[in-house]
Amino acid sequence: MDILVIGSGGREHALCWALQKEQAHQIFCAPGNAGIAEIARCVPLNATDVRALADFAEQEKIALAVVGGEAPLAAGVADEFAARSLAIAGPTKDAARLESSKVFAKAFMVRHGIPTARFRVADSVSEARKILQSGEFRETISGEAGVVIKADGLAGGKGVTVARTRAEAEAAIGRLMEDGEKPGTAGGRVVIEEALAGPEASLLIFTDGRDYQLMPAARDHKRVGEHDTGPNTGGMGAITAPEVLDKEMAKRVVREIVEPTLEGARREGFPFRGILYFGLMLTSEGPCLLEYNVRFGDPEAQAILLRFDGDLAEVFDGVAHKNLAGKSVRWSNDASACIVLAARGYPNEVETGAHIEGLEQARQTSGVQIFHSGTSRTREGIWMTAAGRVLGVAAAHPKLEGALQCCYQAIDHIRWEGMHYRHDIGQFA
Ligand code: AMP
Ligand code: GLY
């Protein structure tokens, strides 16, 4: 099969790797990155230029397209491909609203009785301030004070503030609604919701709109600093392990959250086809849904896909052609981890162009896979940093400690000026 993967990060590197691991499919990646170029043919097309992507798929007779991130989906890449009868594993623009609008997602959850944090929507700064002043969100389920401010639109993982004081909440509203900190958010809407407490877990599924298959539950590490300190990032590491979500809780999540979501999307006329990511908080009262993502997480994908057993292209083909029920989805019995190595300054202003040393030695560490998130390569073959998140070092092992040990052993070989990473990935388990 000729397969087109859309995107350019570590998640897309893992997708390309997993797609050609079992069967020698021909993989194209648009636009890809220097690491991906070692295993796929990179095509210099912008991931959100949906027409150019569909033109390319037509010209090259691509059998199947797989979408990495949310931006192409929100731009309508699945609609464009469908209109031209090109196969694509990814939700339509309508279905992608589950991620591209927090207001839409929260209202959808309420319509379908899906447990989520109590919330209100504010359309203006004055309305937002009024909601804060009303004191409505001072008491939370856990009894701990807190309120969460969320930008309505896509914000690259940076649109959420968990505020512990009124001043923090006011500042977040100012940043989002007045200063327009993120493009498109100025003057926009915000969701204000109660802060919940509990361990977080991410459950992802493949679905063709009717049938679905669960993936191993994962846990992201969003804060930049050790022991969950500092600002939120796109993700500094992820693990999969039985401790993330036990069998009983997983059953509840499926019954109370996964199935009502798929059913609700069908009833509302946008059957969800693709990968759906449920961001959960396991509160003392049961599982609550914090958010949907309409795609794999990054770096969750790297940790999850290491455990995939079989021909991943067949599964995506089932998603695209609505016959997932006939496909075999198997996972190794391991735990797994992916640890992100970031450039100086990430998640704020990032320094790029540093010379990466030791990558070849690190690669030889037994059991380790290294996925590139943001690298470039000089003509002489020297690896350079090219983005905030640079590399993801991943391993699977029967025990989580074993997987983590492999990752950290490999990381010991890698260095560049300003490299930083978390030493405590998976320690909660
Ligand atoms: P989201 O983009 O909605 O996943 O939010 C990013 C992160 O903010 C989540 O992974 C949680 O750590 C945190 N968060 C979001 N909503 C809440 C909430 N209602 N209570 C506590 N933490 C939250
Ligand atoms: N790691 C979180 C995300 O991809 O949204």
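All of the points below concern the structure found in this document. (Residues numbered from 1 in each chain as written. Chains lettered and ligands numbered in written order. Predicted model: local features only at pLDDT ≥ 70, side-chain atom pairs only at ≥ 80, totals over all residues. Heavy atoms only, no water.)

**Some details on the packing of aromatic side chains**
Applying the stated criterion across every chain, the model contains twelve aromatic pairs. On the basis of an interplanar angle of 90 degrees and a centroid distance of 6.5 Å, the ring pair of Phe206 and Phe296 is categorised as edge-to-face. Of this pair, Phe206 sits in strand 10 (residues 200–207) while Phe296 sits in the loop between strand 17 (286–293) and helix 10 (300–305); the two residues are 90 residues apart in sequence, bridging distant segments of the chain. Looking at Phe296, the relative accessible area reads 2%, which means it is buried. Put simply, the rings of Phe104, Phe108, Phe270, Phe278 and Tyr292 pair up and form one aromatic cluster. Sitting above the plane of the Phe270 ring, Arg97 keeps its charged end 5.5 Å from the centroid. A cation over a ring is seen here: Arg111 above Phe104, with NZ or CZ 5.8 Å from the ring centre. (Phe/Tyr/Trp six-rings, centres within 6.5 Å; stacked < 30°, edge-to-face > 60°. Helix = DSSP H or I, 4+ residues; strand = E, 2+ residues; numbered from the N terminus. Buried < 20%, exposed > 50% of the residue type's maximum accessible area, 1.4 Å probe, protein only. Lys NZ or Arg CZ within 6 Å of the ring centre and 35° of its normal.)

**Notes on unusual backbone geometry**
Of the consecutive residues Ala30 and Pro31, the connecting peptide bond is found in the cis state with omega at -5 degrees. Along the chain, Pro31 falls in strand 2 (residues 26–31). Residue Pro347 follows Tyr346 across a cis peptide bond; omega there is 10 degrees. Along the polypeptide, Pro347 turns up in the loop between strand 20 (335–342) and helix 12 (359–363).

**Some points on the site of ligand 2**
Every residue lining ligand 2 is accounted for by Asp220, Gly234, Asn293, Arg295, Gly297, Asp298, Pro299 and Glu300. Within the side chain of Arg295, an N or O atom sits 3.0 Å from an oxygen atom of ligand 2. Contact distances for ligand 2 include 2.9 Å between a nitrogen atom and a side-chain N or O atom of Glu300. Here the residues of the shell around ligand 2 sort into one nonpolar, three polar and four charged. (Near = heavy atom within 4 Å. Polar contact = N/O pair within 3.5 Å; in protein donor to acceptor, adjacent residues only side chain to side chain. Nonpolar A, V, L, I, M, F, W, Y, C, P; charged D, E, K, R; others polar.)

**Remarks on the site of ligand 1**
Taken together, 15 residues form the shell around ligand 1, and within it Glu193, Glu194, Leu196, Glu200 and Glu291 come nearest. Contact distances for ligand 1 include 2.7 Å between a nitrogen atom and a side-chain N or O atom of Glu193. Here an oxygen atom of ligand 1 sits 2.6 Å away from a polar atom, N or O, in the side chain of Glu291. Burial of ligand 1 by the protein chains amounts to 91% of its free accessible area of 470 Å². Contributing elements (two or more residues each) for the shell around ligand 1: strand 7 (147–151), strand 8 (160–163), strand 9 (190–194) and strand 17. For the shell around ligand 1, the class distribution of residues is eight nonpolar, no polar and seven charged. (Areas by Shrake-Rupley, 256 points an atom, 1.4 Å probe, with all protein chains shown as cover.)

**Considering the sheet that holds strand 3 (residues 41–42)**
Strands sit in the order 3-2-1-4-5 across an open sheet of five strands; the sheet is parallel. Taken across any chain shown, the strands that pair with only one partner, and hence form the sheet edges, are strand 3 and strand 5 (88–89). Sheet topology note: the strand 1 (residues 2–7)/strand 4 (residues 64–67) ladder contains four bridges and is parallel. Pairing of Leu4 across the sheet is with Ala65, part of strand 4. Strand contacts of helix 1 (residues 10–19): strand 1, strand 2 and strand 4, with the helix running at about 165 degrees to strand 1, the strand carrying the most contacts. Its contacts with the sheet put helix 11 (residues 312–320) on strand 1, strand 4 and strand 5, and the angle it makes with strand 4 is roughly 95 degrees. (Pairing = 2+ DSSP bridges. Contact = heavy atoms within 4.5 Å. Axes fitted to C-alpha atoms, helices over the stretch in contact; angles between N-to-C directions.)

**A closer look at the side chain of Thr207**
Take Thr207: it is sitting in strand 10. Classification of Thr207 by relative accessible area gives buried; the value is 0%. Polar side-chain contacts of Thr207 include one of 3.1 Å to the backbone nitrogen of Gly209. Excluding anything up to four places from it in sequence, Thr207 contacts Tyr212, Leu262, Phe272, Arg273, Gly274, Val319 and Leu324.

**Examining empty space enclosed by the protein**
Under the definition given, this model contains one cavity of 30 Å³ or more. Quantified by volume, the largest cavity comes out at close to 60 Å³. Lining the largest cavity, in full, are Val66, Val67, Leu73, Ala89, Gly90, Pro91, Gly274, Ile275, Val294, Arg295 and Phe316. Secondary-structure elements contributing two or more residues to the lining of the largest cavity are strand 4 and strand 16 (274–283). In terms of residue class, the lining of the largest cavity is made up of eight nonpolar, two polar and one charged. (1 Å grid on protein atoms, 1.4 Å probe; cavity = no way out; pocket = protein on both sides within 12 Å on 5 of 7 lines; lining within 4 Å. Points joined across faces, edges and corners; volume = space filled by probe spheres on them.)

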